[in-house]
Every structure is written in structure tokens, then in C-alpha cells.
Amino acid sequence: MVIGKVVGSVEDRHRSKEFVNFLKKLDSTYEPGLRIQIILDNHSSHTSKETRAYLETVPGRFEFIFTPKHGSWLNIIEVFFAKMTKQALRHIRVQSKEELKERIEQYLQEVNANPVPFRWKYGLDGSVS
């Protein structure tokens with residue numbers, strides 16, 4: 001069974017500490033026993049000592065799929081962020097980082113309230129559809 005949901009985290013920094021906290025958030029979001037697949041870039045926080053130590057406490061819970069270092073960083077994520085920018089963030093002025101965070105979190109709630117499946121395919125000819 002495939003369960004899709006956008007789970008977001010808006011942070012000031014992207015260190016191992018924030019990434020482990022995000023993994024804990026994912027762990028508490030999905031029912032026990034489900035294997036959680038995460039597509040990641042090759043940022044050092046994804047393979048740090050702190051991250052590996054946390055993963056040892058939840059064996060088999062997560063499967064990391066790393067994008068190639070030479071490839072474009074997750075076209076699907078780039079499309080998602082572009083859509084969020086166009087629909088929720090373009091031409092706005094915010095008074096603080098907190099307000100920006102609230103707007104992003106509101107957008108994620110709206111996406112999850114009315115989800116639209118994304119069917120990504122990679123063709124043998126190298127085309128993406």
C-alpha cells in the first residue's frame with residue numbers, strides 16, 4: 001500500500017539535529033510497521049553520525065533513496081516548490097520569518113486536504129513524464 005502525504009518542516013538551519021527531528025516527525029506521522037521511503041539529496045546531515053545513531057533506534061523503519069550526485073535535484077520536488085511559490089508565495093510581503101513559515105505550513109495543509117496523485121515515470125529514452 002502506498003500512502004502519500006506532504007510532511008513539511010520549516011527550519012532556520014539544515015543540520016543533523018533538524019534532520020533527525022524531521023525523521024522523528026515522520027515516524028510519529030505514519031502508523032507503526034510501515035516502511036517510510038524518503039528520496040534525498042547527498043547532504044551530509046542525511047548520513048551523519050547523529051542520523052545513523054537515530055536510525056539504529058528504529059531499524060527497518062526508513063529506506064533512504066539518494067539521488068545521483070550528477071543529476072538534477074529531484075525534479076518532482078522542484079516542481080512542487082515552484083507550484084507552492086506560484087500559488088502561495090509570489091507577490092506577497094511578510095513581516096517576519098514566522099509569518100512566512102505559517103504561510104508555507106498553511107499551503108501544506110491545503111495540499112494534504114485535497115491531494116492530487118503525481119505519477120512520475122522515467123522512460124527508457126531518458127524522457128520524464
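In this text the structure is predicted, and so the values were computed from the model without any measurement.

Novice: Any chance you could explain the nonpolar core here in plain terms?
Specialist: Soluble globular proteins tend to pack their nonpolar side chains together in the buried interior. Leu23, Leu26, Ile36, Ile38, Tyr54, Phe62 and Phe64 are the most contacted members of the largest nonpolar core, which has 14 residues in total. Counting residues per element, the ones that place at least two in this core are helix 1 (16-29), strand 1 (36-40) and strand 2 (62-66). With five residues, the single largest contributor to this core is helix 1. Discounting chain neighbours no more than four positions away, the residues touching phenylalanine 64 are Phe19, Leu23, Ile38, Leu40, His46, Thr51 and Leu55. Core analysis: the next-biggest nonpolar cluster, separate from the first, contains six residues, Met84, Leu89, Ile104 and Tyr107 among them.

Novice: Sorry if this is basic, but what is going on with helix 1 here?
Specialist: Residues that lie three or four places apart on an α-helix share one face, since the helix turns once every 3.6 residues. Taking 1.5 Å as the rise per residue, helix 1 with 14 residues should run 20 Å; its terminal C-alpha atoms sit 20 Å apart, in good agreement. Residues of helix 1 that are buried in the fold lie against strand 1, helix 2 (49-57) and strand 2.

Novice: Is there a simple way to think about the pattern of salt bridges in this case?
Specialist: When the charged atoms of two side chains with opposite charge come close together, those side chains can pair. The full count for this structure, using the stated rule, is five salt bridges. With a shortest N-O distance of 3.5 Å, arginine 35 and glutamate 63 are connected by a salt bridge. Placement of arginine 35 in the loop between helix 1 and strand 1 and of glutamate 63 in strand 2 is noted, with a sequence separation of 28 residues between them. Judged by relative accessible area, arginine 35 falls into the partly exposed class, the value being 48%.

Novice: Would you take a moment to explain unusual backbone geometry for this structure?
Specialist: Excluding glycine, a negative phi dihedral is what most residues carry, and trans is how most peptide bonds are arranged. You will see that histidine 91, though not glycine, has its phi angle at about 65°, which is positive. One can find histidine 91 in the loop between helix 3 (75-89) and helix 4 (97-113). A residue is classified by how much of its surface remains accessible, and histidine 91, at 79% relative accessible area, is exposed.

Novice: What should I look at first to understand the environment of threonine 47 in this one?
Specialist: Its location among the elements puts threonine 47 in the loop between strand 1 and helix 2. When the C-alpha positions of threonine 47 and serine 16 are compared, they lie 8.5 Å apart, and in sequence the two are 31 residues distant. Those residues in contact with threonine 47 that lie beyond four places of it in its chain are Arg52 and Phe66.

Novice: Help me understand the packing of helix 1 against helix 2, please; the structure alone is not making it clear to me.
Specialist: Helix-helix packing is characterised by the crossing angle of the two axes and by the distance between the axes. Two numbers describe how helix 1 lies on helix 2: the axes approach to 8 Å, and their chain directions differ by 25°. Between helix 1 and helix 2, the crossing angle belongs to the class labelled roughly parallel. Every pair of crossing elements has a handedness; the one defined by helix 1 and helix 2 is right-handed. Between helix 1 and helix 2, the residues in contact are Ser16, Lys17, Phe19, Val20, Leu23, Lys24 and Asp27 and Glu50, Thr51, Tyr54 and Leu55, respectively. Split into classes, the residues belonging to the contact of helix 1 with helix 2 amount to five nonpolar, two polar and four charged.

Novice: Just checking my understanding: could you explain helix 4 for this structure?
Specialist: Here helix 4 contains 17 residues, and its C-alpha end-to-end distance of 24 Å stays within 8% of the 24 Å for a straight helix at 1.5 Å per residue. Among all positions of helix 4, only Ile104, Tyr107, Leu108 and Val111 are buried. An end-on view of helix 4 places all buried positions within 100° of arc, on one side of the element. Those residues of helix 4 that are exposed and angled more than 90 degrees off the buried face are Gln109 and Ala113.

Parameters at a glance
- Residues numbered from 1 in each chain as written.
- Predicted model: local features only at pLDDT ≥ 70, side-chain atom pairs only at ≥ 80, totals over all residues.
- Heavy atoms only, no water.
- Core = buried A, V, L, I, M, F, W, Y, C linked by side-chain atoms within 4.5 Å.
- Buried < 20%, exposed > 50% of the residue type's maximum accessible area, 1.4 Å probe, protein only.
- Helix = DSSP H or I, 4+ residues; strand = E, 2+ residues; numbered from the N terminus.
- Contact = heavy atoms within 4.5 Å.
- Expected span 1.5 Å × (residues − 1).
- Salt bridge = Lys/Arg side-chain N within 4 Å of Asp/Glu carboxyl O.
- Axes fitted to C-alpha atoms, helices over the stretch in contact; angles between N-to-C directions.
- Parallel < 35°, antiparallel > 145°, perpendicular 65-115°, else oblique.
- Left-handed = near helix turned anticlockwise from the far one by under 90°.
- Nonpolar A, V, L, I, M, F, W, Y, C, P; charged D, E, K, R; others polar.
- Arc of directions from axis to C-beta.

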